Amino acid sequence: MKPLPLPKAKRGPSKQLLESFPLAAEGVVYVDAEGLYATPVAAAIAKASAPLLAAMEGDRACATTVVSSTKELAVATAGDGKPLFLVRYDPAAEGALVPCVAVWKRDTKPTTVDGARSAFEGGAGRDVEVAALGSGLLAIGPNAAVHAAFGGHTVGRSKLSQVALGEDEYGAFDVPIPNGTGRVSGGLVVTKERSTLAVRAALKDPEDAAGLEQMFQRGRSAWRDQPKAPEAQLFDRVLTGFTFERKGATVQAAYQLAGSPEEQARDLATTATLAIHGVRRYIANAKRAEAKNALGRIARSIVAEWEREEVDAKGKVTPRRSKKLASFPPVPKAVPRGEKVQTSPEDWKDWARLHFEMSSAPQYFQYEVRAAKDGESADVLARGDLNGDGKTSLFKVTVKLDRKNDALVIVPKVEETDPDE
């Protein structure tokens, strides 16, 4: 009788990473980069990416060195929201990596981390405090976490020690969802025939799971509505690679690329293009939401100010029918160009009558109220230049006096001119 084949042993992180990974970390992301690079799919992706790397200028050498020398990547997440990145790299590449790490944050300066040969700290206010490397380990993250990583410890029962990759599996993750609403886990499997990224979210509230399902359906519809390239069949093929299933408070999603390594590489490039476009569109929509929300608030403030009784020094009340709408100057004086601008309460002093200002947070748009000469209507305006090219967008809401019904009416439609600018 032929003996049954023994199951292949599962792979795990190296001892070096296990000794550097924080024991108290609440979440983990792990990638077997060395194994992944050896797959035919990765080779096909590298070949397809060669023209892009060739077009890069100053960062080409760094990008090539980082990719080729990385053996493992682990990310530790904690409750404070500040991740620690740990990279095990080929020690022979250390000399080439040092200048890459040094210029990664433009205002870095050398510092000292016990156990590391080179270390740099970021400027004030940087999310990443310290980056240090030496003996095949690169650690990037909060100061204390980086120092602890190079100090090492006895391998304990950390989240990283629980990672075990199966056959053809090159990545795994298990991280908590912010605000304690659940956990997300999953893995990456790559073969010659297909590559699959699987995600499982175990949530505490079924309504949150239903919300994710609705968001997925809206996203799928939005992608389908995008202008298609001539290769419409390829677009549809990439889109059908996404699956989503919900059962109660648990959702499972996957993205799969099928076909030869070359076909997978091609489809991945298409997916990346669509994803970049989608992210840019999402960010632009989020920025435009500031303008629309602010216009609504300003319009309601105008209505409240118009309905407010005005009493003069002699106690005489000014009837609303004799009131006229007024203009309020642009704030800030210049349209923000491609970035947020912080205003101060002093900038909004001429708006005091409306009890409105936006000095508590930076803003992407300039706001103004421009009343008609007869005072019977006013346009609430928001001007922006989100892409910084000098051409501005305009969002407008109009308020009008209804003398017949003694009311001030907000026209519900927001007029948009060049909203993507």
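Asker: Before we go on, may I ask you to explain the packing of aromatic side chains in this structure?
Answerer: The geometry of an aromatic ring pair is captured by two quantities: the separation of the ring centres and the angle between the planes. By the definition in use, this model includes 6 aromatic pairs. Their ring planes at 40° and their centres at 5.6 Å tell us that phenylalanine 328 and tryptophan 351 sit as a pair that is tilted. One end of the pair, phenylalanine 328, is in strand β15 (residues 328-331); the other, tryptophan 351, is in the loop between β15 and β16 (365-371), and 23 residues separate them in sequence. Across the pair, tryptophan 351 and phenylalanine 328 agree in class, each one buried. Members of the aromatic cluster, joined through ring pairs, are Phe328, Trp348, Trp351 and Phe356.

Asker: So what exactly am I meant to see when it comes to the pattern of salt bridges here?
Answerer: Opposite charge on two side chains makes pairing possible when the charged atoms of those side chains draw close. Applying the stated criterion to the full structure yields 21 salt bridges. Two residues, arginine 266 and aspartate 267, come together in a salt bridge whose shortest N-O distance is 3.2 Å. By relative accessible area, which is 37% here, arginine 266 ends up partly exposed. Under the relative-accessibility criterion, aspartate 267 is labelled buried at 2%. A salt bridge links arginine 353 to glutamate 305, with the nearest nitrogen and oxygen atoms 3.2 Å apart. Pair noted here: arginine 353 is in the loop between β15 and β16 and glutamate 305 is in helix α9 (residues 261-307), with a separation of 48 residues, a long-range link. Using a relative accessible area of 11% as the deciding quantity, one classes glutamate 305 as buried. Connected through shared salt-bridge partners, Lys324, Glu376 and Arg403 make up one network.

Asker: Just to check I follow, could you spell out the nonpolar core for this structure?
Answerer: One recurring pattern in soluble globular proteins: nonpolar side chains tend to sit buried together. If you look at the biggest cluster of nonpolar residues, it comprises 30 residues, and the most contacted ones within it are Ile302, Leu325, Trp351 and Tyr367. Mapped by element, the contributors of at least two residues to this core are α9, β15, β16, β17 (377-384) and β18 (393-402). A total of 8 residues in this core trace back to one element, the largest contributor, which is α9. Leu18, Ala74, Val113 and Val163 belong to the second largest nonpolar core, which has 24 residues in total.

Here is what the cut-offs are and how they apply
Residues numbered from 1 in each chain as written. Predicted model: local features only at pLDDT ≥ 70, side-chain atom pairs only at ≥ 80, totals over all residues. Heavy atoms only, no water. Phe/Tyr/Trp six-rings, centres within 6.5 Å; stacked < 30°, edge-to-face > 60°. Helix = DSSP H or I, 4+ residues; strand = E, 2+ residues; numbered from the N terminus. Buried < 20%, exposed > 50% of the residue type's maximum accessible area, 1.4 Å probe, protein only. Salt bridge = Lys/Arg side-chain N within 4 Å of Asp/Glu carboxyl O. Core = buried A, V, L, I, M, F, W, Y, C linked by side-chain atoms within 4.5 Å.

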